[in-house]
Amino acid sequence: MNLTEFMKKVDQISGSMPAENISAFLHDYARGIPEYKRDEFLERLSFFKGENVNPDYAEKQDNLNKEQLKQEVKKIRKQLEMIDSGELMLIEVLNEQYNEWYDSSDEEYFYKDPDYIGEAIQKACGLLHACVDSELYEEGYGLADLLLLMHVEVNGEFGGEDFRLRDLGYHSIITLDYEKFVLEALLAAYWGNAPEERPNELYWMLVNAASREVTLEKLMQQSKKELDQFQEFLKLWIDYLGQRGDRVAERFLEEAVSLADDPGALLCAARKYTDLHPGLYVQALEKYKAAGQPEEGLTIGKEALERIRPCYQIRSRAALLTAEAALTQNDRESAEQCWLEAFRSDSSIENYLRLVLECEEADRYRNEAEQIYTKLLSNPAKIKDGQYQSGERKENRPERRTCGSLLFFDGKFRQVIETCMDDKYALGWTGTFMKEGMALFFLYLYDGEELPEGCREMLRKYVSSVEFRAEAYLNGTGRGTKEDDQTFFWERFRKWRTNIHASEEEIEAILERLEKWTQMRVEGIMEKSHRNYYGECAAFAAALGEVRESRGELWAKAKVMEEYRSQYSRRTAFHQELRAYGMADTRKSR
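Only a predicted model underlies this, so the values are computations on that prediction, with no experimental measurement involved.

About the criteria used
Counting starts from 1 at the beginning of each chain's written sequence and moves along it residue by residue. This being a predicted model, a pLDDT of at least 70 is required before a residue's local features are given, and a value of 80 or more before pairs of side-chain atoms are given or counted; all residues contribute to the totals for chains, interfaces and linings. Note that the side-chain values use all heavy atoms of the structure and ignore hydrogens as well as water. Helix numbers and strand numbers start at the N terminus; a helix is a DSSP run of H or I with at least 4 residues, a strand a run of E with at least 2. With the radius of gyration taken over C-alpha atoms, the globule rule is written as 2.2 Å times the number of residues to the power 0.38. For every residue, the accessible area (1.4 Å probe, protein chains only) is compared with the maximum for its type, and the residue is labelled buried under 20%, exposed over 50%, or partly exposed between those bounds. Residue contacts are counted whenever heavy atoms from the two residues lie within 4.5 Å of one another. All accessible areas in this document rest on Shrake-Rupley with a 1.4 Å probe, and a residue is counted as covered only by the protein chains that are shown. Asp and Glu count as negative and Lys and Arg as positive, but His and the ends of the chain are not part of the count. In plain terms, the charge of a residue is placed at NZ if it is Lys, CZ if Arg, CG if Asp and CD if Glu. Two aromatic rings, drawn from Phe, Tyr or Trp (for Trp, its six-membered ring), form a pair once their centres lie within 6.5 Å of each other, and the interplanar angle then sorts them: stacked below 30 degrees, edge-to-face above 60, tilted otherwise. Look at NZ for Lys and CZ for Arg. If either is within 6 Å of the ring centre and within 35 degrees of the ring normal, a charge sits over the ring. Lining residues are defined by having an atom within 4 Å of a point belonging to a cavity or pocket. Those points lie on a 1 Å grid over the protein atoms alone, cavities being sets where a 1.4 Å probe fits but cannot get out and pockets being open sets with protein on both sides within 12 Å along at least five of seven lines. Grid points are joined across faces, edges and corners, and a volume is the space filled by probe spheres set on the points. Residue polarity is assigned by list, with Asp, Glu, Lys and Arg as charged and Ala, Val, Leu, Ile, Met, Phe, Trp, Tyr, Cys and Pro as nonpolar; anything else, Gly included, falls into the polar class. We treat two strands as partners when DSSP finds at least two bridges between them. For salt bridges, the criterion is a side-chain nitrogen of Lys or Arg within 4 Å of an Asp or Glu carboxyl oxygen. To estimate how far a helix should extend, the number of its residues minus one is multiplied by 1.5 Å. Within the patch definition used here, like charges are joined within 9 Å and nonpolar side chains (Val, Leu, Ile, Met, Phe, Trp, Tyr) within 5 Å, considering only residues with over 30% relative accessible area and no salt bridge. Here, nonpolar core refers to any group of buried Ala, Val, Leu, Ile, Met, Phe, Trp, Tyr and Cys residues whose side-chain atoms link them within 4.5 Å. The term polar contact refers here to a pair of N or O atoms within 3.5 Å; inside protein, the definition further demands a hydrogen-donor-capable atom paired with an acceptor-capable atom, and it admits residues adjacent in sequence only when both atoms are side-chain atoms. Under this scheme, a helix contributes an axis fitted over its contacting stretch, all axes are lines through C-alpha atoms, and angles between N-to-C directions fall in the 0 to 180 degree range. The scheme is simple: roughly parallel for angles under 35 degrees, roughly antiparallel for over 145, roughly perpendicular for 65 to 115, oblique for anything else. The sense of a crossing depends on the near helix, which, turned anticlockwise from the far helix by less than a right angle, makes the crossing left-handed and, turned clockwise, makes it right-handed.

A.B. asks: Give me the lowdown on the overall build of the chain, citing residues and values where you can.
C.D. replies: Helix and strand content of the chain: 29 helices and three strands. Taken over C-alpha atoms, the radius of gyration comes to 34 Å for the chain, far larger than the 25 Å a tight globule of 590 residues would show. Its C-alpha atoms put the chain at 110 × 65 × 45 Å along the principal axes. Split into buried and exposed, the 590 residues of the chain put 44% on the buried side. Here the analysis covers contacts within the chain between residues at least 6 apart in sequence; of these, 67% occur between residues at least 24 apart. When the accessible surface of the chain is summed, it comes to about 32600 Å², and 46% of that surface belongs to carbon and sulfur atoms. Side-chain charges in the chain split into 80 positive and 110 negative, and the spacing between the mean points of these groups amounts to 4 Å.

What follows is the structure, encoded as structure tokens:
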């Protein structure tokens, strides 16, 4: 309980106690007072012995304490305003002990505080706690708002940036439990504003605080008393957040609908705010799944697919949850249509392979999937080239390596080679489709089920690069697996391979390309002596030999490995990598 509630409780209990009981309590309490506080206790006790205490003494004393606290807040606000204006500032100093070439635990800079900025801000944080404890919420809210908005100017010849409150704690200029501070600031904002103003004030305080740990539930736990008109606030809060489309609104809206007493609040919000918050439909579908209500899940899932924009990736999650509900209802046709919709909204490798390997009408869905990804490829703006996207309105923009993979899995090998595998340069392959493309072609041409060293590395390289996940493939199927991602992918890859056929002429042409690319890559790496890539070169050489050998060429792997060993006879580190991928060890034993 806060100080105000505590004092009221003390007055209530002591007011009903006989004098002898209060005397006994004082005697017992005094026994536990530490020696260094005994003189202070006796002094205060003696003061009350000679005073005539009025009946309203306690109330007057409380009011006096609150007035003193208000004056302290007013005084500290003036100091904070001086800091925020840049009149007072920190001094940045280069730490001569810092060495950027080593993993130094020292900071590159430290900060001098000649204007006692840290002391003032530390005091202000303590005053916020005192305001909340004394129920001076308006004063506490104003102080917290200023602290969160404030910039502390840093002066230094190295171009230091301004600090916010959290930075001061990070650089040990103040000592601060930031999450606790934010929660107290939010409490002051909640109690210090009229009910209709609370959503706006809390929202902007959350934006300015930028705390990932704070939640509305933690705010309820932090409050020493039940939050006033909380369910009414939730309705206003949901409506306010539903009309904002940023990440803060997304995060707290998801929590708010889960806290509402009304079981229909989530679905109502999902329908009302679909454009800005399509994730609410997914949240609703997950609840139906957890509750074992597939019929409702299928109905609402179909509604979600109609209402959520197809360009949003989150629609794919809604489609897969709907597919699971359909399968539970033995509605295979609806499930397969949902798999197609999942690919339409998130054109990932897992969504494509599920479509062509699990659907009974695979050819039909392959053709529809081709139309989807062809449209994406024809629009360069829809191809992601390393830019960061996030949130529930993240759009379907597959990476270049995904686009190359989709063409490959659709059997368009010539187009993959001509448009996705630029073979002009031996170096600079990172971010291109060269490594992934070579890995896929090696795996496709390898005639066998158990992969040897080189092709096994191709499998690992591809699965790791595109971040293929078995779990993502199985979403929407109602199935699970204990296999790791690489084993699962290879099993699915072999099934896919039985449906994609290439002529011997095409196969030989691809093999010639692989041989050319391998030779080019090895020469480029050796010329620049990039030892970190010797293992990659050895893996390509091994895979080339393994593929040729699997297709009937005797001792092909040994020949290829020996050719590269002889060509670079003085590169012992390269020889070591070749041996790791199966080259015979011909060194003389000592």
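After that view of the structure, there is still more to cover.
A.B. asks: How would you summarise the packing of aromatic side chains if you had to cite specific residues and measurements?
C.D. replies: Taken as a whole and judged by the stated rule, the model has 33 aromatic pairs. Ring centres of Tyr 190 and Phe 233 lie 5.1 Å apart, and the angle between their planes is 75°; on these two criteria the pair is classed as edge-to-face. Highlighted residues: Tyr 190 in helix H8 (residues 178–191) and Phe 233 in helix H11 (residues 230–242), separated in sequence by 43 residues. With a relative accessible area of 0%, Tyr 190 lands in the buried category. Plain terms: the ring middles of Tyr 462 and Phe 489 are 5.4 Å apart, the flat faces sit at 35° to each other, and that makes the pair tilted. In this pair, Tyr 462 is assigned in helix H23 (residues 453–466) and Phe 489 in helix H25 (residues 485–497), connecting sequence segments 27 residues apart. The exposure class assigned to Tyr 462 is buried, which follows from its relative accessible area of 0%. Its guanidinium or amino end placed over the ring of Tyr 190, Arg 198 lies 4.2 Å from that ring's centre, counting from NZ or CZ. The residue whose ring lies beneath Arg 521 is Trp 429, and the NZ or CZ to ring-centre distance is 4.5 Å.

A.B. asks: Now, about the layout of surface pockets: what can you tell me, with residues and values included?
C.D. replies: As a volume, the second largest pocket reaches approximately 990 Å³. Taken together, 34 residues line the second largest pocket, and the ones lying closest to its centre are Gln 313, Asp 346, Ser 348, Glu 350 and Arg 469. At the level of secondary structure, the elements contributing two or more residues to the lining of the second largest pocket comprise helix H14 (279–290), helix H16 (314–328), helix H18 (349–358), helix H20 (400–409), H23 and helix H24 (470–474). Counting residues per element, the lining of the second largest pocket draws most heavily on H16, which supplies six residues. In the lining of the second largest pocket, the residues fall into seven nonpolar, 11 polar and 16 charged.

A.B. asks: Requested: an account of empty space enclosed by the protein, with residues and values cited.
C.D. replies: Unfilled space is identified by rolling a water-sized probe across the atoms. Tallied over the entire structure, the rule returns one cavity of 30 Å³ or more. Approximately 40 Å³ is the volume found for the largest cavity. Lining the largest cavity we find Leu 186, Leu 202, Leu 206, Val 214, Thr 215, Leu 216, Leu 219, Trp 237 and Phe 252. Across the lining of the largest cavity, the residue classes tally to eight nonpolar, one polar and no charged.

A.B. asks: Give a detailed account of the pairing of strand E1 (residues 90–94), specifying residues and quantitative values.
C.D. replies: Looking at chain direction, E1 and strand E3 (residues 154–155) are connected through two bridges and run parallel. From the neighbouring strand, Ile 91 faces E3, where its bridge partner is Asn 155. With four bridges joining them, E1 and strand E2 (residues 109–112) adopt antiparallel strand pairing. From the neighbouring strand, Val 93 faces E2, where its bridge partner is Phe 110.

A.B. asks: How would you sum up the pattern of salt bridges? Please name residues and give values.
C.D. replies: Where charged atoms from two side chains of opposite charge approach closely, those side chains can pair. Enumeration according to the criterion identifies 37 salt bridges in this entry. Among the salt bridges present, the one from Arg 479 reaches Glu 358, with a minimum N-O distance of 3.2 Å. Taken together, the residues Arg 479 in the loop between H24 and H25 and Glu 358 in helix H18 connect sequence positions 121 residues apart. One network of salt bridges, with partners in common, ties together Glu 358, Arg 479, Glu 491 and Arg 492.

A.B. asks: Can you lay out the environment of Ile 500 for me, pointing to particular residues and giving the numbers?
C.D. replies: Along the chain, Ile 500 falls in the loop between H25 and helix H26 (504–528). For the pair formed by Ile 500 and Tyr 444, sequence separation is 56 residues and the distance between their alpha carbons is 9.4 Å. If we skip the residues at most four places from it in the chain, Ile 500 touches Phe 409, Gly 411, Phe 413 and Tyr 444.

A.B. asks: Tell me about helix H22 (residues 434–445), residues and numbers included.
C.D. replies: It helps to recall that an α-helix has 3.6 residues per turn; residues three or four apart then point in one direction. End to end, H22 covers 16 Å across 12 residues, agreeing with the expected 16 Å (1.5 Å per residue, within 8%). The buried fraction of H22 is high, at 12 of 12 residues. Within H22, the full set of buried residues consists of Met 434, Lys 435, Glu 436, Gly 437, Met 438, Ala 439, Leu 440, Phe 441, Phe 442, Leu 443, Tyr 444 and Leu 445. Tucked into the core, H22 has its buried residues touching H20, helix H21 (413–420), H23, H25, H26 and helix H27 (534–550).

A.B. asks: Explain the sheet that holds E3 to me, and be specific about the residues and the numbers.
C.D. replies: Read across the sheet, three strands follow the order E2-E1-E3 without closing on themselves; strand pairing throughout is mixed. At either margin of the open sheet sits one strand with a lone partner, and together these are E2 and E3.

A.B. asks: Give me the environment of Tyr 190: which residues, what numbers.
C.D. replies: Expressed as a C-alpha distance, the spacing of Tyr 190 and Lys 289, which sit 99 residues apart in the sequence, is 35 Å. In contact with Tyr 190, not counting residues within four places along its chain, are Arg 198, Leu 202, Leu 227, Asp 228, Gln 229, Phe 230 and Phe 233.

A.B. asks: Could you give me a rundown of a nonpolar patch on the surface, with the residues and numbers involved?
C.D. replies: Residues Phe 25, Leu 26, Tyr 29, Leu 42 and Leu 45 make up a contiguous nonpolar surface patch of roughly 480 Å² in combined accessible area. Here Tyr 29 lies in helix H2 (residues 19–31).

A.B. asks: Describe the nonpolar core, listing the residues and the values that go with them.
C.D. replies: Formed by 175 residues in total, the largest nonpolar core has its most connected members in Ile 121, Trp 237 and Phe 409. Broken down by element, the residue count for this core peaks at 11 residues, all from H8. Excluding anything up to four places from it in sequence, Ile 121 contacts Leu 80, Ile 83, Leu 147, Met 150, Val 152, Leu 165, Leu 168 and Ile 174.

A.B. asks: Quick rundown of the side chain of Glu 358? Include the residues and the values.
C.D. replies: Classification of Glu 358 by relative accessible area gives buried; the value is 12%. A distance of 3.2 Å separates a polar atom in the side chain of Glu 358 from a polar atom in the side chain of Arg 479. For Glu 358, the side chain forms a polar contact with the side chain of Arg 492, separated by 3.1 Å. Other than its neighbours up to four places away in sequence, Glu 358 contacts Arg 332, Glu 336, Trp 339, Leu 353, Tyr 473, Arg 479 and Arg 492.

A.B. asks: I'd like a rundown of the packing of H23 against H27, residues and numbers included.
C.D. replies: It is at 7 Å that the axes of H23 and H27 come closest, and there the two elements cross at 120°. Comparing the axis directions of H23 and H27 gives the class oblique. Considering how the two elements wind past one another, H23 and H27 form a crossing that is left-handed. Residues Glu 453, Gly 454, Cys 455, Glu 457, Met 458 and Lys 461 of H23 form the contact with H27, whose participating residues are Glu 536, Ala 539, Phe 540, Ala 542, Ala 543, Glu 546 and Val 547. Its residues placed into classes, the contact of H23 with H27 shows seven nonpolar, one polar and five charged.

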